[in-house]
Amino acid sequence: MRTTRTARTTRTAALLAATCALTALALTGCSGSGGKGSEEKPARGESGGQAAGTPRMKIAMITHSGEGDTFWDIVQNGAKAAAAKDNVEFLYSAHKEGKEQAQLVEAAIDQKVHGIVVTLAKPEAVGAAVKKAVAAGIPVVTVNSGGRYSPGLGALGHIGQDETVAGEGVGEELNARGRKKALCVIHEQGNVSLEERCAGVRKAFKGAVENLNVEGTNMPASTSSIEAKLQTAQDIDVVVTLGAPFADATVKAKAGSGSTAEVVTFDLNAAVVKSLKSKEVGFAVDQQPYLQGYLAVDGIWLHRTNGNVLGGGRPVLTGPAVVTAQDVPALEKYTARGTR
């Protein structure tokens, strides 16, 4: 696994954060938390380690996830591990539409949570609710998307990858592979992070880039759309998908269309690792979603119990890194357990 050229200068902060997270994980296990008993006394992790002796708190995470996106399962696994360690009740909710996501943020405010973790895929829709949480004295950490909007909304910081840098890294890798025409598949219209990824690819790639919008919550329809495009544009020699589930959909679409295009993707899951191993997917860009969930919850706990601010208020980068078939042996056990 290698970091992209532009991201290397910011790798140190992410590695330090990762070390802290993994050390804590080794001590406490990956249990979730909740229930009446856990409110009365600190919870125990799977390893039997005692959770933090700090007062019980409640942290809500609200994302823009659509149904069936395994990326967010990994984010939640990280958040639940931190919650178990920190004696936190973890609440998760999601909606793909910005207006509804904002309503979920306001519901968390009404529940008087001690912290909010939120994505900013659609900052114009969600921003006012985030500002309302900050005004109510609730610490907010943004994750995954819309990092450039985070400071203006008053968030403590942002945890994720620089999407433009990640896209540029993909473009550079495609140049090295001699590709000439790329199809960039956007599975959620209006998601600023997905648009930034494709823009980054276009900026660094020496060939042509065409975007294709698909209905991300309808995988059969997405597969059909990609297949139809590959049938009509035989000069496409690489398809870039922006989420792990869409890599598998594109592999199927490629087979149905008779295309010889290479498939590459953002994000990892067990299926992508299997496809890397079989060479059905050329490479993947890993942003370590487990760390995003873990560090967000742990960061709010540290802020409330010790006045810490991860990254000093600057973005904490968890990626990007390019993963290829040679990295599979080291990653399989982690993707199988849902932590990579």
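Since the model is a prediction, treat every value here as computed from it, not as a measurement.

Conventions we followed
- Residues numbered from 1 in each chain as written.
- Predicted model: local features only at pLDDT ≥ 70, side-chain atom pairs only at ≥ 80, totals over all residues.
- Heavy atoms only, no water.
- Pairing = 2+ DSSP bridges.
- Helix = DSSP H or I, 4+ residues; strand = E, 2+ residues; numbered from the N terminus.
- Contact = heavy atoms within 4.5 Å.
- Axes fitted to C-alpha atoms, helices over the stretch in contact; angles between N-to-C directions.
- 1 Å grid on protein atoms, 1.4 Å probe; cavity = no way out; pocket = protein on both sides within 12 Å on 5 of 7 lines; lining within 4 Å.
- Points joined across faces, edges and corners; volume = space filled by probe spheres on them.
- Nonpolar A, V, L, I, M, F, W, Y, C, P; charged D, E, K, R; others polar.
- Buried < 20%, exposed > 50% of the residue type's maximum accessible area, 1.4 Å probe, protein only.
- Right-handed = clockwise from strand over helix to strand, strands pointing away.
- Expected span 1.5 Å × (residues − 1).
- Polar contact = N/O pair within 3.5 Å; in protein donor to acceptor, adjacent residues only side chain to side chain.
- Parallel < 35°, antiparallel > 145°, perpendicular 65-115°, else oblique.
- Left-handed = near helix turned anticlockwise from the far one by under 90°.

(A) Examining the sheet that holds strand β13 (residues 321–323) more closely. An order of β1-β13-β11-β10-β9-β7-β8 is seen for the seven strands of this open sheet, with the pairing classed as mixed. The open sheet has two edge strands, β1 (2–3) and β8 (208–213), and neither has a second partner. The sheet contact formed by strand β10 (residues 262–266) and strand β11 (residues 284–286) spans two bridges and is parallel. The partner of T265 across the bridge, within β11, is A284. Sheet strands touched by helix α6 (residues 163–176): β1, β7 (181–186), β9 (238–241), β10, β11 and β13. Its angle to β10, the strand with the most contacts, is close to 160 degrees.

(B) Quick peek at empty space enclosed by the protein. For the structure shown, the criterion picks out one cavity of 30 Å³ or more. The space that makes up the largest cavity amounts to roughly 90 Å³. Residue assignment for the lining of the largest cavity shows that the elements contributing at least two residues are β6 (157–161) and α11 (289–306). Residue classes in the lining of the largest cavity are distributed as eight nonpolar, four polar and one charged.

(C) Examining the pairing of strand β5 (residues 140–143) more closely. Burial along β5 is two-sided: the face carrying V140 and T142 and the face carrying V141 and V143 are both buried. Two elements, strand β4 (residues 115–118) and β5, share three bridges in a ladder whose sense is parallel. Bridging across to β5, I116 finds its partner in V140. In terms of handedness, the path from β4 via helix α5 (residues 123–135) over to β5 forms a crossover that is right-handed. Bridge count for β5 against β6 is three bridges, and the pairing is parallel. Following the sheet pairing, T142 is matched in β6 by H158.

(D) Looking closely at α6. With 14 residues, α6 extends 20 Å from end C-alpha to end C-alpha; this agrees with the ideal 20 Å at 1.5 Å per step. Of all 14 residues in α6, ten are buried; the element is thus mostly enclosed. Within α6 the residues assigned to the buried category are E163, V165, A166, G167, E168, G169, V170, G171, E173 and L174. For α6, the capping residue at the N-terminal end is D162, with a side-chain oxygen 3.1 Å from the backbone nitrogen of T164. Within two residues after α6, G178 carries a phi angle of roughly 75 degrees, on the positive side.

(E) Spotlight on the packing of α6 against helix α7 (residues 192–204). The contact between α6 and α7 brings their axes to 6 Å, and the two run at 40 degrees. Regarding the angle of α6 to α7, the classification is oblique. As α6 runs across α7, the sense of the crossing is right-handed. Along its contact with α6, which presents E163, T164, G167, E168, V170, G171, E172, L174 and N175, the element α7 presents S193, E196, R197, G200, V201, K203 and A204. Broken down by class, the residue content of the contact of α6 with α7 amounts to four nonpolar, six polar and six charged.

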